[in-house]
Amino acid sequence: MPRSTLLWYNELFSLLTKLGLKPVLDTNCLFSNDKLIVFFYMDDIVVLYHPSNIFAYYKFREKLLDAYKMREMGELKWFLGIRIIRDRTLRKIWLC
C-alpha cells in the first residue's frame with residue numbers, strides 16, 4: 001500500500017472512530033454504529049442509514065464536512081464502477 005494511501009486511511013480511521021463508529025472485523029474500509037454504516041475506498045465515502053436515523057446522519061455529515069473539504073454527490077448511483085439501482089417501492093436493490 002503506498003504511503004499516502006496508508007496516511008489517509010489512518011487519518012480517516014481516526015476521525016470515524018472519534019465520531020463513534022467502529023471498524024467491522026476483517027473489513028478495512030467498513031465502519032458502523034447502531035445508526036450508520038460507512039464504507040469507503042480512497043476518497044469515495046458512502047454513508048448508509050435508515051430514515052429514522054436521519055438526524056444522526058446530519059450530525060455525522062456536519063462533522064465530516066467540518067473536518068474535510070468535500071462534495072456531496074447525492075443518492076448513490078455508482079461506486080467503483082458498479083451501478084446501483086434501487087426500487088424503493090418494492091424495497092429492492094440491484095448491483096450491475
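Everything below is about the structure printed above this text.
Reference entry: report on the structure contained in this document. Keep in mind the model is a prediction, meaning the values are calculated, not measured. (Residues numbered from 1 in each chain as written. Predicted model: local features only at pLDDT ≥ 70, side-chain atom pairs only at ≥ 80, totals over all residues. Heavy atoms only, no water.)

Here's the deal with the packing of aromatic side chains
Stage number 1. A complete count under the given rule lists nine aromatic pairs for this structure.
Stage number 2. Note on Phe 31 and Phe 40: the rings are 6.0 Å apart at their centroids and 25 degrees apart in plane angle, and the pair reads as stacked.
Stage number 3. Judged by relative accessible area, Phe 31 falls into the buried class, the value being 0%.
Stage number 4. Residue class for Phe 40 comes out buried when judged on its relative accessible area of 6%.
Stage number 5. Each ring, one from Phe 55 and one from Tyr 58, has its centre 6.2 Å from the other, and the planes form 70 degrees; the classification is edge-to-face. One end of the pair is Phe 55 and the other is Tyr 58, both in helix α2 (residues 54-67) and three residues apart, which spans about a single turn.
Stage number 6. Owing to a relative accessible area of 65%, Phe 55 belongs among the exposed residues under this scheme.
Stage number 7. Since its relative accessible area comes to 35%, Tyr 58 is described here as partly exposed.
Stage number 8. Ring pairs connect the aromatic residues Tyr 9, Phe 13, Phe 31 and Phe 40, which therefore count as one cluster. (Phe/Tyr/Trp six-rings, centres within 6.5 Å; stacked < 30°, edge-to-face > 60°. Buried < 20%, exposed > 50% of the residue type's maximum accessible area, 1.4 Å probe, protein only. Helix = DSSP H or I, 4+ residues; strand = E, 2+ residues; numbered from the N terminus.)

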